[in-house]
Amino acid sequence: MPDYESVIQGRGVTKRFGGMTAVNKVDFDLRKGEILGLIGPNGAGKTTLFNCISAYHKTDEGEITLNGRQINKLSPDRICKLGLARTFQAAQNFPDFPVRENVRMSALFGKKGVSYAEAERITDETMRFTGMDKFANIAVNDMPLPLQKRLEVTRALATQPEALMLDELMAGLDPAEVDETMSLVREIRDSGVTVLMIEHVMKAIMTICDRIIVLHHGELIAEGAPDEISKNPQVIEVYLGEEV
């Protein structure tokens, strides 16, 4: 038996698109209280695995559990209510509504049984936590990319997740914005939310992740602490190019 508690566990996770296997018999554990990085070359199957976990795609084989309960046969909304939220590579906000309305909708959609008054409280607290309270009345279409990404994180947190999946949150950000986002991810973990993140910004992955798993051609090729992954010959060959 493992000496840690898994929030999300995958065993033999497989996803095919026609004759192509995008994710092939992948085993993984997201341990309670950690930041787990998921890296690999473009086309390695990272976002497909995210989509399988969140039921955006249905798995062809294998099992995914959240706190011991199988979720890969549930709908995305049901999985969200059970405590799993995610972001997307391109922020999926409601562009014609102001920030506050975006967050309130997520608070109402999240954990089952949230009243309107409770959703208002969650909205206020979550926006203060991420710093989006300063932009409450601004329409999403009027915000730059970094704020749209932060808003999507805010909306995900407003569903009150136990685990949060971040898909390339730092893509397109400048170095200062990357540093700010790294701090936010740490604060999210420290608040009690376990994090699984896909990221190509190696500074972020190697600095804030407790562990890293590596996919290549849909298969898990390495798993370990950042210093182990940075020195792994196979990971260097297929992805990093040099020791980080």
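For every chain, the first residue of its written sequence is number 1, and the numbers climb from 1 along that sequence. The predicted origin of the model limits local features to residues at a pLDDT of at least 70 and limits the giving and counting of side-chain atom pairs to 80 or more, whereas totals for whole chains, interfaces and linings rest on all residues. As a convention, hydrogens and water are excluded, and side-chain values are obtained from all of the structure's heavy atoms.

**Thoughts on the overall build of the chain**
Moving on, step 1. A tally of helices and strands in the chain yields nine helices and 10 strands.
Moving on, step 2. Taken over the C-alpha atoms alone, the chain extends approximately 50 × 40 × 40 Å along its principal axes.
Moving on, step 3. Buried residues are those whose accessible area, probed at 1.4 Å on protein chains only, stays under 20% of the maximum for their type, while exposed residues exceed 50% and partly exposed ones sit between those limits. Out of the 244 residues belonging to the chain, those deemed buried represent 51%.
Moving on, step 4. Only heavy atoms matter for contacts: two residues are in contact if any of them lie within 4.5 Å across the pair. Once local pairs closer than 6 in sequence are excluded, the contacts in the chain between residues at least 24 apart make up 63%.
Moving on, step 5. The protein chains shown are the only cover counted for residues, whose accessible areas, like all others here, come from Shrake-Rupley with a 1.4 Å probe. About 11000 Å² of surface is accessible on the chain, with carbon and sulfur atoms providing 49% of the total.
Moving on, step 6. Of the charged side chains in the chain, 28 are positive and 36 negative, and the gap between their average positions amounts to 6 Å. Helix and strand labels come from DSSP, where a helix needs a run of H or I of at least four residues and a strand needs a run of E of at least two; each type is numbered from the N terminus. In this count, Lys and Arg are taken as positive residues and Asp and Glu as negative ones, while His and the chain termini are left out. Charge positions are represented by NZ for Lys, CZ for Arg, CG for Asp and CD for Glu.

**As for the side chain of Asp167**
Moving on, step 1. Within the secondary structure, Asp167 sits in strand 7 (residues 163–167).
Moving on, step 2. At a separation of 3.1 Å, a polar atom in the side chain of Asp167 contacts the side chain of Thr47.
Moving on, step 3. Leave out the neighbours within four places in its chain, and Asp167 touches Thr47, Phe50, Arg86, Thr87, Phe88, Gln89 and Ile198. Residues adjacent in sequence count toward polar contacts only when both atoms are side-chain atoms; beyond that, a polar contact is any pair of N or O atoms within 3.5 Å, and within protein one must be able to donate a hydrogen and the other to accept it.

**Some words on the packing of helix 4 (residues 116–130) against helix 5 (residues 145–158)**
Moving on, step 1. Working convention: axes come from line fits to C-alpha atoms, limited for helices to the stretch in contact. Angles between N-to-C directions cover 0 to 180 degrees. In the contact formed by helix 4 and helix 5, the axes pass within 9 Å of each other and the chain directions differ by 140 degrees. Comparing the axis directions of helix 4 and helix 5 gives the class oblique. In the packing of helix 4 onto helix 5, the handedness of the crossing is right-handed. Residues Ile122, Thr126, Met127, Phe129 and Thr130 of helix 4 lie in contact with helix 5, whose contacting residues are Arg150, Thr154, Leu157 and Ala158.
Moving on, step 2. Here the contact of helix 4 with helix 5 is built from residues that sort into five nonpolar, three polar and one charged. If an angle is under 35 degrees, it is roughly parallel; if it is over 145, roughly antiparallel; if it lies from 65 to 115, roughly perpendicular; otherwise it is oblique. Handedness of a crossing follows from how the near helix is turned relative to the far one, being left-handed for an anticlockwise turn of less than a right angle and right-handed for a clockwise one. Only Asp, Glu, Lys and Arg are considered charged, only Ala, Val, Leu, Ile, Met, Phe, Trp, Tyr, Cys and Pro nonpolar, and every remaining residue, Gly among them, polar.

**Examining the sheet that holds strand 5 (residues 69–70)**
Moving on, step 1. Taken in spatial order, the four strands of this open sheet run 2-1-4-5, and their pairing is antiparallel. Of all the strands in the sheet, the pair left with one neighbour each is strand 2 (20–31) and strand 5.
Moving on, step 2. We call two strands paired when DSSP finds no fewer than two bridges between them. Pairing of strand 1 (residues 6–17) with strand 2, which is carried by eight bridges, proceeds in the antiparallel orientation. The partner of Ser6 across the bridge, within strand 2, is Arg31.

**Things to note about the sheet that holds strand 7**
Strand pairing in a sheet relies on backbone hydrogen bonds. The paired strands run either parallel or antiparallel.
Moving on, step 1. Within the open sheet, the six strands sit side by side as 6-7-8-3-9-10. Their pairing is mixed. Either end of the sheet is taken by a strand with one partner, and the two such strands are strand 6 (84–86) and strand 10 (219–224). Sheet twist, expressed as the average angle between the axes of neighbouring strands with direction ignored, equals 20 degrees.
Moving on, step 2. In the packing of helix 6 (residues 175–190) onto the sheet, contacts are made with strand 3 (35–39), strand 7 and strand 8 (194–198), and the angle to strand 8 comes to roughly 150 degrees.

From the geometry alone we can't say anything about function, so treat these as descriptive.
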